[in-house]
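# Structure assessment
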Amino acid sequence: LHDYNKPICIDYGGVLNSRNLTFLKCPNCSSSSLSIRAFESIDNYDVQTGIVTCDDCKNWYRIENGILDFLPLAMRRKDLYKKFAENHNISIINDQIDLTIDSQKANQQEFFNAEADDYEKRVVNSRFSQVYDQTSFIDWLDRNKHKMEGLVLEIGCGTGRQSIPLGMRGIQTIAGDISEEMLILAQKKIENAGLRKNVDLIVFDGENPPVTDNTFDAVIIYGVLHHLKNKGNAIKNASEKLRPNGLFYSLDPHKSPVRIFFDLVMFFWKIYNEEADDDPLLSSAILTKWLSEAGIDCKIRLTFYLPPHLFNYLSYETGVSLLKGTDSFFNRIPFVRNFAGIIISEGIKHA
Ligand SMILES: [Zn+2]
């Protein structure tokens, strides 16, 4: 059993130690006064099992599999807390408080926890994702990585599709997702790639990440906004985490006038499951408005004019060339350029 009075201090690397704890905020009371206790650590470096306690509201948050569960009380998986508390002989406080649960967030959490394996197989590992990850995200990352020498925040990291490329470039990343099951898959991939010292995983509510303001060199929110109800608010909260001149990146499905054809193809030939918001598609106008309100100057980029199905039959190289070619062609034709399936924002926060 863990000796509760024995402080454990681990002073270097990773977020799950006392140094990087300064970048986190209690998800329930927003206090930055947090302490960490390790029950089990890896190489005396990264906490594998332990708790983070808020000195102000006294709530504690579990760390299991090296992943910190920093969900607000209402979104917690009570069964996991109960088991953890029993195993480590800790009592749960505030368990009886009546909490309002956001049903949309609860649905998203449930969907992605249940779909984690399938999502990994059908979306992350599909050729079409690999191709457009390269042209939409990796190219941007390689153009901008020299501006990310501090910390980067990834909101909605899923199984590590963007966190791993970030970590591989030596970028210190705090990556969070609403689904712990997705993060468990991400952690395995991060460990296999030897990137635990670069990427730290946290279960959190992407609409309101429990991290300090004015901190991050970049905030990446890839394929996430369309899952949220309050998208403008999520952008505003994400922007607050950026330091002045910090970079903002988002990618989502675009409100294209030919969307119906994509939906039709997906109806008859489904290549992945989706659980999005009722109003998931973003237009240039609305995205620009939200970003501007959040103090971000941005460039909107439209991409992807072909059905994703096609790319699953091509080699990676052919897919990348085809996507670059068709993007460059269609983006030159004024009306047709609005037919793009994906909308990307590349922004900079005002100084
Ligand atoms: Zn607190």
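Conventions and cut-offs
- Residues numbered from 1 in each chain as written.
- Predicted model: local features only at pLDDT ≥ 70, side-chain atom pairs only at ≥ 80, totals over all residues.
- Heavy atoms only, no water.
- pLDDT = per-residue confidence, 0-100.
- Contact = heavy atoms within 4.5 Å.
- Donors = N, O, S within 2.8 Å, 3.2 Å for Na, K, Ca; no water.
- Tetrahedral: all angles 85-135°; square planar, octahedral: opposite > 155°, others 65-115°.
- Helix = DSSP H or I, 4+ residues; strand = E, 2+ residues; numbered from the N terminus.
- Buried < 20%, exposed > 50% of the residue type's maximum accessible area, 1.4 Å probe, protein only.
- Expected span 1.5 Å × (residues − 1).
- Bend = angle between axes of the 7 residues up to and from the residue.
- Pairing = 2+ DSSP bridges.
- Axes fitted to C-alpha atoms, helices over the stretch in contact; angles between N-to-C directions.
- Parallel < 35°, antiparallel > 145°, perpendicular 65-115°, else oblique.
- Left-handed = near helix turned anticlockwise from the far one by under 90°.
- Phe/Tyr/Trp six-rings, centres within 6.5 Å; stacked < 30°, edge-to-face > 60°.
- Lys NZ or Arg CZ within 6 Å of the ring centre and 35° of its normal.
- Nonpolar A, V, L, I, M, F, W, Y, C, P; charged D, E, K, R; others polar.
- Salt bridge = Lys/Arg side-chain N within 4 Å of Asp/Glu carboxyl O.

Looking at the protein chain as a whole, the pLDDT averages 87, with 91% of positions reaching at least 70. With pLDDT under 50 throughout, residues 1–19 is counted as low confidence; its partners more than four residues away or in other chains account for 51 contacts.

Bringing the coordination of the zinc ion into the picture now. Protein-derived coordination of the zinc ion comes from Cys-26 (SG), Cys-29 (SG), Cys-54 (SG) and Cys-57 (SG), at a distance range of 2.2 to 2.3 Å. With four donor atoms in place around the zinc ion and angles of 104 to 119° between them, the coordination shape is tetrahedral. The sequence motif formed by the donor residues of the zinc ion is C-x2-C-x24-C-x2-C. One end of the pair, Cys-29, is in the segment before β1 (34–42); the other, Cys-57, is in the loop between β2 (46–54) and β3 (60–64), with 28 residues separating them in the sequence. Judged by relative accessible area, which is 34%, Cys-29 ranks as partly exposed.

We now examine helix α3 (residues 127–144). Between the first and last C-alpha of α3 there are 25 Å, a value that for 18 residues agrees with the 26 Å anticipated at 1.5 Å per step. If you look at α3, its biggest bend is around 40°, right at Gln-134. Burial analysis of α3 places 13 of its 18 residues in the buried class, which makes it a mostly covered element.

This brings us to the sheet that holds strand β10 (residues 296–303). Strand order in this open sheet of 11 strands is β1-β2-β3-β4-β7-β6-β5-β8-β9-β11-β10, and the pairing throughout is mixed. In this open sheet, the two edge strands, each paired with only one partner strand, are β1 and β10. Adjacent strand axes in the sheet meet at a mean angle of 15° when their direction is disregarded. Here four bridges tie β2 to β3, and the two strands are oriented antiparallel to one another. Within β3, the residue paired with Ile-51 across the bridge is Arg-62.

With that settled, the discussion passes to the environment of Asp-46. Mapped onto the secondary structure, Asp-46 falls in strand β2. Sequence spacing of Asp-46 and His-254 is 208 residues, and the spatial spacing of their C-alpha atoms is 40 Å.

We now examine the packing of helix α2 (residues 103–124) against helix α5 (residues 180–192). Their axes nearest at 7 Å, the elements α2 and α5 cross at an angle of 45°. One finds that α2 runs oblique with respect to α5. Classified by chirality, the crossing of α5 by α2 is right-handed. The segment α2 lies against α5, with Phe-112, Asn-113, Ala-116, Asp-117, Tyr-119, Glu-120 and Val-124 engaging Glu-180, Glu-181, Met-182, Leu-185 and Lys-189.

Scanning the entire structure with this criterion turns up 17 aromatic pairs. Relative to Tyr-249, the ring of Phe-137 lies with its centre 5.4 Å away and its plane at 80°, an arrangement referred to as edge-to-face. Remark: Tyr-249 occurs in strand β9 (residues 242–253) and Phe-137 occurs in helix α3; sequence separation between them is 112 residues. You can call Tyr-249 buried: its relative accessible area is 0%. Between Tyr-222 and Tyr-249 the ring centres are 6.2 Å apart and the planes differ by 5°, which places this aromatic pair in the stacked class. With Tyr-222 in strand β8 (residues 216–222) and Tyr-249 in strand β9, the pair connects residues that are 27 residues apart, well separated along the chain. Taken together through their ring pairs, the aromatic side chains of Phe-39, Trp-60, Tyr-81 and Phe-84 make up a single cluster. Its end group placed over the ring of Tyr-132, Arg-161 keeps NZ or CZ at 5.7 Å from the ring centre.

Relative to each other, α3 and helix α10 (residues 316–330) sit at 55°, their axes nearing to 9 Å. It follows that α3 is oblique to α10 by the angle criterion. Once α3 is placed against α10, the crossing between them reads as right-handed. Seen from α3, the contacting residues are Arg-127, Gln-130, Val-131, Tyr-132, Gln-134, Thr-135 and Asp-139; seen from α10, they are Tyr-316, Gly-319, Val-320, Leu-323 and Lys-324. Of the residues that constitute the contact of α3 with α10, the class distribution is five nonpolar, four polar and three charged.

Let us look at the pattern of salt bridges. Within this structure, the stated rule accounts for 21 salt bridges. Here Glu-181 and Arg-77 are joined by a salt bridge, their closest N and O atoms 3.1 Å apart. On the criterion of sequence distance, the pair formed by Glu-181 in helix α5 and Arg-77 in the loop between β4 (67–69) and α1 (78–88) is long-range, its members being 104 residues apart. Look at Glu-181 and you get partly exposed, because its relative accessible area is 26%.

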